[in-house]
Amino acid sequence: MHQILLYYKYVNIEDPQALLNEQRSFCESLNLKGRIILSKEGINGTVEGLAEDTQKYISVMLADTRFKDMNFKISEGTGNAFPKLSIKLRNELVSGHLGEDDVDPNVTTGKYITAEQLHELFKSGEEFYIIDMRNDYEHKVGYFKNSILPALSNFRDLPKILGDLEHLKDKKIITVCTGGVRCEKASGYLVKKGFKYVYQLHNGIVTYMEKYPNEDFLGKLYVFDGRVVMGFDTESDKHVIVSNCDKCGKPSENYVDCAYKHCKGHRHFICCTNCYSEDGKPYCSQECFEKSRVEINATR
Ligand SMILES: [Zn+2]
Ligand SMILES: [Zn+2]
């Protein structure tokens, strides 16, 4: 059985290059594939491997004092969630620098609210506002009920939507994202901008969904691997579909990549199986379908 791990830790890394070399040989020895970003700020990764290997990865990482309290979100893999292992050095753990307003989450960040606490809050009737810090193509397929879904196409656009949130400066706000890493910075940014009661969902939406499937988070969770979306207990009657097929408009949460290898435009879209092309695959456009035909015929 395969497992996918999602994890991050903001912690000072003295020598990121040395860590990169260690991680590369360690991951290769365990046959892990996925993406790991390393920087002086810490580590942000998602990897897949056989369960015994991912478990070994976790235990060795937790034995490293820098990562001793790192949280690992574990979900079922497919065996081909990632094409390869990619480990990169970056200036930031989360792509998208906030310019002069950039924050160090070790210094400025929102208070943590756990999945259990948020679940209680939903039941309490207290006034609070959830702000989804993910990109628009992510919350398209799933989101917390009554949440604010800013039209972010990239994390670095955060300053552009600040004006839309001004009226919440004195309100209790809770930022959410997939696993929590983006909220470390996004919530810190809001604190820096004068928001008074800023919380961040600890360990992200993935943890909330796992604990309370089909309760307050509606639809499916977009993930940055071959699964594209994931859900818990989605066969249940309580599961609701919040998205529609981009082609026919009927309810669908079948997020796909355009089947044309060299598709340049909207690679990623929602397409119900009724709207697949004659060859049984999804294409974002007739043009992509035709180009794909031409290339297949040319190689025959
Ligand atoms: Zn359709
Ligand atoms: Zn296409």
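Computed from a prediction, not measured in an experiment: that's the story for all the values here.

### Brief notes about the overall build of the protein
For the protein, the count of helices and strands is eight helices and 15 strands. The C-alpha radius of gyration computed for the protein amounts to 20 Å, which stays within 12% of the reference 19 Å derived for 300 residues, consistent with globular compactness. For the protein, the spread of C-alpha atoms along the three principal axes comes to 60 × 45 × 40 Å. Across the 300 residues of the protein, 36% fall into the buried class.

### Digging into the environment of tyrosine 129
Along the polypeptide, tyrosine 129 turns up in strand β7 (residues 129–132). Judged by local crowding, tyrosine 129 falls into the partly exposed class, with 16 C-beta atoms found within 10 Å. With 46 residues separating them in the primary sequence, tyrosine 129 and threonine 175 have C-alpha atoms 8.5 Å apart. Those residues in contact with tyrosine 129, other than ones at most four positions away along the chain, are Ile148, Leu168, Lys171, Lys172 and Ile173.

### Comments concerning the domain arrangement of the protein
Annotation of the protein at the domain level lists domain 1 (2–89), domain 2 (100–219) and domain 3 (255–299). One C-alpha centre belongs to domain 1, the other to domain 2, and the line joining them spans 25 Å. Counting residues at the interface gives six residues for domain 1 and eight residues for domain 2. If one sorts the elements of the side of domain 1 that touches domain 2 by residue count, strand β1 (residues 2–10) sits on top with three residues. The residue inventory of the side of domain 1 that touches domain 2, partitioned by class, reads three nonpolar, two polar and one charged.

### Things to note about the sheet that holds β1
Spatially, the five strands line up as an open sheet ordered β4-β1-β3-β2-β5, and their pairing is mixed. In this open sheet, the two edge strands, each paired with only one partner strand, are β4 (72–76) and β5 (85–89). In this sheet, adjacent strand axes meet at a mean angle of 10° when their direction is disregarded.

### Some details on unusual backbone geometry
Of note in this structure, asparagine 31 is not a glycine but carries a positive phi near 55°. Within the secondary structure, asparagine 31 sits in the loop between α1 (16–29) and β2 (33–39). The class of asparagine 31 is exposed, set by 11 C-beta atoms lying within 10 Å. Positive phi outside glycine occurs at valine 228, with the angle close to 65°. The topology assignment puts valine 228 in the loop between β12 (221–222) and β13 (229–230). We classify valine 228 as partly exposed; it has 18 C-beta atoms within 10 Å.

### Quick notes on helix α2 (residues 51–62)
The first and last C-alpha atoms of α2 sit 16 Å apart over 12 residues, in line with the 16 Å expected at 1.5 Å per residue. Contact partners of the buried residues in α2: β1 and β3 (42–50).

### A look at the sheet that holds strand β9 (residues 172–176)
Strand order in the open sheet formed by four strands is β6-β10-β9-β7, and the pairing between neighbours is parallel. The open sheet is flanked by β6 (111–113) and β7, the only strands paired with a single partner. Neighbour-to-neighbour, the strand axes of the sheet open up by a mean angle of 35°, direction not taken into account. Relative to strand β10 (residues 197–201), β6 runs parallel, the two sharing three bridges. By the bridge assignment, tyrosine 112 is partnered in β10 with glutamine 200.

### Description of the environment of phenylalanine 217
Within the fold, phenylalanine 217 resides in strand β11 (residues 217–219). Of the residues examined, phenylalanine 217 has 24 C-beta atoms within 10 Å and is grouped as buried. Separated by 187 residues in sequence, phenylalanine 217 and leucine 30 place their C-alpha atoms 34 Å apart. Among residues more than four places away in sequence, those in contact with phenylalanine 217 are Gly142, Phe144, Ile205, Tyr208 and Met209.

### Observations concerning helix α6 (residues 181–192)
Helix length check: α6, at 12 residues, gives a terminal C-alpha distance of 17 Å against a target of 16 Å (1.5 Å per residue), a fit within 8%. Burial within α6 is extensive, with 10 of its 12 residues counted as buried. Burial in α6 covers these residues: Val181, Arg182, Cys183, Glu184, Lys185, Ala186, Ser187, Gly188, Tyr189 and Leu190. Those residues of α6 hidden inside the fold are in contact with β1, β3, α5 (158–161), β9 and β10.

What counts and how
- Residues numbered from 1 in each chain as written.
- Chains lettered and ligands numbered in written order.
- Predicted model: local features only at pLDDT ≥ 70, side-chain atom pairs only at ≥ 80, totals over all residues.
- Helix = DSSP H or I, 4+ residues; strand = E, 2+ residues; numbered from the N terminus.
- Rg over C-alpha atoms; globule rule 2.2 N^0.38 Å.
- Buried ≥ 20, exposed ≤ 12 C-beta atoms within 10 Å, placed from the backbone.
- Contact = placed C-beta atoms within 7 Å.
- Domains from an automatic or database assignment.
- Nonpolar A, V, L, I, M, F, W, Y, C, P; charged D, E, K, R; others polar.
- Pairing = 2+ DSSP bridges.
- Axes fitted to C-alpha atoms, helices over the stretch in contact; angles between N-to-C directions.
- Expected span 1.5 Å × (residues − 1).

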